[in-house]
Amino acid sequence: MKEEESGPQNRELYALLHISPEASDEEIRKAYRQWAQIYHPDKYQALEMKEIATENFQRICEAYEILSDETKRQIYDIYGMEGINSGLELGTKLNKAEEIKEELERLRRQKELQKVAAHLRPSGSIMANLSLPQFLEGDGIMKGMAMASEVQSQISKNNAVAIGGNLAVNGNAGGGAASIVFRHQMSSVSSIEFMGSMGLRALLGVQTTRHISVHSTATMGLAMSLRDGSVNLSNTWTRQLSDTAHGNIHLSLGPESSIAVGWQRKEQKRSASGEIKLGTGSFGATANYTHRFSTKSHGRIAARIGSTALELELGGGRKISEFSTIRMLYTVGIQGIFWKFELHRGGQKLIVPVLLSRHLNPIFATGAFVVPTSLYFVLKRFVVKPFYLKREKQKASENMDKTLVQVQEARTAAKKAQQLLQNVANRKRSRQLETGGLVVTKALYGSRKALKNRNQIEEVKDEVASQIIDVTLPLNFLVSDSGKLKLHEGVKKSGIMGFCDPCPGESKQLYVEYTFDGNNFEVIVDDLDELLIPQESHRI
């Protein structure tokens, strides 16, 4: 399980001073004075200890400087250290959380626009139509080919341009077209597009879109053919039906007038859509359903019926990397029986439809479905899955190598911080032992998975121990004179003085064994959960 590495939950400054995110100004000052007494460099004579104290004293001062300033604290609570380091103009004109948030969002948008303006967004597709019957007849396997490409660029805050083109060859015939679209954002709720195309579909057009309400959008378009002068008028209304569903009505008036009603629903595990279209010379209906078995694989079923089509499609896909997805689809229809292979990578697509038969023979259709499906599962079980697991293991190893230096430095800093806490922690522990109070005998912080195997640490299992840090000493230091220990809710424990994050990106927990009043206790809590000990429910 991955963790969010930013946002308001990452409140390490509160953990550093060991205070609640709701702490008052007086509590912040009191915590600062207590930690400053521990880490003030003037207390230490040895050069090494003075350097350790200086490093941690600077951290304490930085935390106090931010949390004691009302405006800086508001920024930190909203956006963490990103807000502090973002270049916000602090002062009287930014004295409310809403104003701070608005200003930071403005800076974010400005940076994003600069980033977008500096990069073009290309997209394209290549489709190669293969025909097995044509190949068996001796005419070659390639039936046709089509290519399309488009480049979009945000030329200013409110203006964008897209230039595209396509080429298609089918048998002995072919052609192409080039197009350009200019989009202008007139306001936060409306935009307008001007488009032109030359080639097979030479036309000029204009389209405007407006958000009528929070849940409704209307689009109106006008296009004129440069070949015969015909005009086509289109209107589309879209309505948000729920958090996961929306519907639309599309009306087209021209040489081929039609009206279409559609519906789409998208949830975390499944999505579905459907459309019914009635035209002056045709009608049709389509429906499809996609089920996501995991974040990396999905299955799909679709159907299309109409005056010129009758088609059923089955298949699925799998994400093979962060940017790439492969799909295999099986289609049966009046045009024949097809296999279709697709590779999607970024904005690029490679599509290969293979015509297996022009005739709908039930036995052949069943075999064409069963054979590749069985082959797919065999390949998945013995080829794809082992390769995928090997690559995931390699990626995890590479990520570990990248963070190894960072973790080692954090461990060293935590160990140094613990050195300065040791004397006070030992005195507190001795006083608690004398009175039968609270004594932490063992405390481990780190990977949730590694803590399940925590007993193996004594057996020097490097892969387990490397994801856990011993925090027994800092927890004994935090025990109050009244014999209680509290870690605040909503604060990552890696920010506590003497702690560190031994496994960045992994879900973490804290495991504690302690004694109180002659009895043994143990407890394990998630990283952001509150810990309050002693409690009778922790008794072993």
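Numbering of residues starts from 1 in each chain and follows the order in which that chain's sequence is written. Restriction of local features to residues with pLDDT of at least 70 applies here, the model being predicted, together with a cutoff of 80 or more for giving and counting side-chain atom pairs; totals for whole chains, interfaces and linings are based on all residues. Think of the side-chain values as coming from all heavy atoms in the structure, minus any hydrogens and water.

Naming follows an unreviewed UniProt entry, where the chain appears as J domain-containing protein of Solanum stoloniferum. UniProt positions are given in the numbering used here, feature names are shortened, and annotations may be inferred rather than shown by experiment. Recorded in UniProt for the chain, the comment headed Subcellular location (unreviewed entry) runs: "Membrane".

Some words on the overall build of the chain
Numbering of helices and strands starts at the N terminus; helices are DSSP runs of H or I of at least 4 residues and strands are runs of E of at least 2. Within the chain one finds ten helices and 23 strands. Each of the 540 residues in the chain was classed as buried or not, and the buried ones make up 35%. Residues count as neighbours in contact if any of their non-hydrogen atoms are within 4.5 Å of one another. Taking as baseline every contact in the chain between residues at least 6 positions apart, the subset at least 24 positions apart corresponds to 40%. In the structure as shown, the chain presents an accessible area of about 32,400 Å², 56% of it carried by carbon and sulfur atoms. Here the term buried applies to any residue with accessible area under 20% of the maximum for its type, exposed to any over 50%, and partly exposed to those in between, with areas from a 1.4 Å probe on protein chains only. Shrake-Rupley sampling with a 1.4 Å probe provides the accessible areas, and residues are treated as covered by the protein chains on show and by no other component.

Description of the side chain of S197
With respect to the secondary-structure elements, S197 resides in strand β5 (residues 190-199). A distance of 2.8 Å separates the side chain of S197 from the backbone oxygen of R201, its partner in a polar contact. Setting aside residues no more than four positions away along its own chain, S197 makes contact with A177, A178, S179, A202, L203 and L226. Distance and chemistry together define a polar contact, namely a pair of N or O atoms within 3.5 Å, with one atom able to donate a hydrogen and the other to accept it when in protein, and with adjacent residues in sequence counting only for side-chain atoms on both sides.

Re the pairing of strand β13 (residues 297-306)
Note: strand β12 (residues 283-292) against β13, nine bridges, orientation antiparallel. Bridge pairing in β13 links N288 to A302. Paired strands are those between which DSSP finds at least two bridges. Connecting β12 to the antiparallel partner β13 that follows it, the hairpin turn spans four residues. As paired elements, β13 and strand β14 (residues 310-319) share nine bridges and run antiparallel to each other. Note that in β14 the partner of I301 across the bridge is L314. Remark: three residues form the turn of the hairpin made by β13 and β14, two consecutive strands paired antiparallel.

With respect to unusual backbone geometry
Here the bond from I533 into P534 is cis, since omega is 5°, no more than 30 degrees from zero. Among the secondary structure elements, P534 is positioned in the segment after β23 (531-533). Phi at H18 is positive, roughly 55°, even though this residue is not glycine. Within the secondary structure layout, H18 lies in the loop between α1 (12-17) and α2 (25-39). Positive phi values are uncommon outside glycine, yet D517 reaches one of about 55°. In this structure, D517 sits in the loop between β21 (508-516) and β22 (519-526).

Some details on the environment of I192
Along the polypeptide, I192 turns up in strand β5. For the pair I192 and T209, spaced 17 residues apart in sequence, the C-alpha to C-alpha distance is 6.3 Å. Beyond its immediate chain neighbours, meaning those up to four positions away, I192 contacts F182, R183, H184, M186, V206, Q207 and T208.

Concerning the packing of helix α3 (residues 47-67) against helix α4 (residues 70-84)
Fitted lines through C-alpha atoms serve as axes, helices being fitted only where they are in contact, and the angles separating the N-to-C directions of these axes extend from 0 to 180 degrees. Contact geometry for α3 and α4: axes closest at 9 Å, N-to-C directions at 130°. One way to sum up the angle between α3 and α4 is to call them oblique. Here α3 contributes E62, E65, I66 and L67 to the contact with α4, which in turn contributes K72, R73, Y76, M81 and I84. Of the residues assigned to the contact of α3 with α4, the class counts are five nonpolar, no polar and four charged. Should an angle lie under 35 degrees it is considered roughly parallel, over 145 roughly antiparallel, and from 65 to 115 roughly perpendicular; all remaining angles are considered oblique. Think of it as three bins: nonpolar holds Ala, Val, Leu, Ile, Met, Phe, Trp, Tyr, Cys and Pro, charged holds Asp, Glu, Lys and Arg, and polar takes everything else, Gly as well.

Structural notes on the environment of D470
When you line up the elements, D470 lands in strand β19 (residues 468-470). By relative accessible area, D470 is classed as partly exposed at 42%. Sequence separation of D470 and L444 is 26 residues, and the distance between their C-alpha atoms is 4.7 Å. Those residues in contact with D470 that lie beyond four places of it in its chain are Q418, A443 and L444.

Observations regarding empty space enclosed by the protein
In this analysis, the protein atoms alone were mapped onto a 1 Å grid. Cavities are point sets where a 1.4 Å probe fits without being able to get out; pockets are open sets with protein on both sides within 12 Å along at least five of seven lines; lining residues have an atom within 4 Å of a point. Grid points are joined across faces, edges and corners, and a volume is the space filled by probe spheres set on the points. Scanning all chains against the criterion turns up two cavities of 30 Å³ or more. Put simply, the largest cavity is a space of about 70 Å³. Around the largest cavity, the lining residues are Y14, A15, H18, I19, L487, H488, V491, K492, K493 and I496. Of the pockets and cavities examined, the second largest cavity occupies roughly 30 Å³. Together, R304, T308, A309, L310, E311, G333, I334 and Q335 line the second largest cavity.

A short note on the confidence of the model for the chain
For every residue, the pLDDT score states the predictor's confidence, bounded by 0 at the bottom and 100 at the top. Considering every residue of the chain, the mean pLDDT works out to 85; 89% of them sit at 70 or more. Here residues 1-9 is modelled with pLDDT under 50, and outside its nearest four sequence neighbours on either side it reaches 21 contacts, counting other chains as well.

Some thoughts on the pattern of salt bridges
By salt bridge we mean one thing: a side-chain nitrogen of Lys or Arg within 4 Å of a carboxyl oxygen of Asp or Glu. Under the counting rule described, the total for this entry stands at 15 salt bridges. In this structure, E267 engages R265 in a salt bridge whose closest nitrogen and oxygen atoms are separated by 2.8 Å. Residue class for E267 comes out partly exposed when judged on its relative accessible area of 26%. Classification of R265 by relative accessible area gives partly exposed; the value is 32%. Here E536 ties to R539 by a salt bridge, and the two come within 2.6 Å at their closest N and O atoms. Note on E536: relative accessible area 53%, which makes it exposed.

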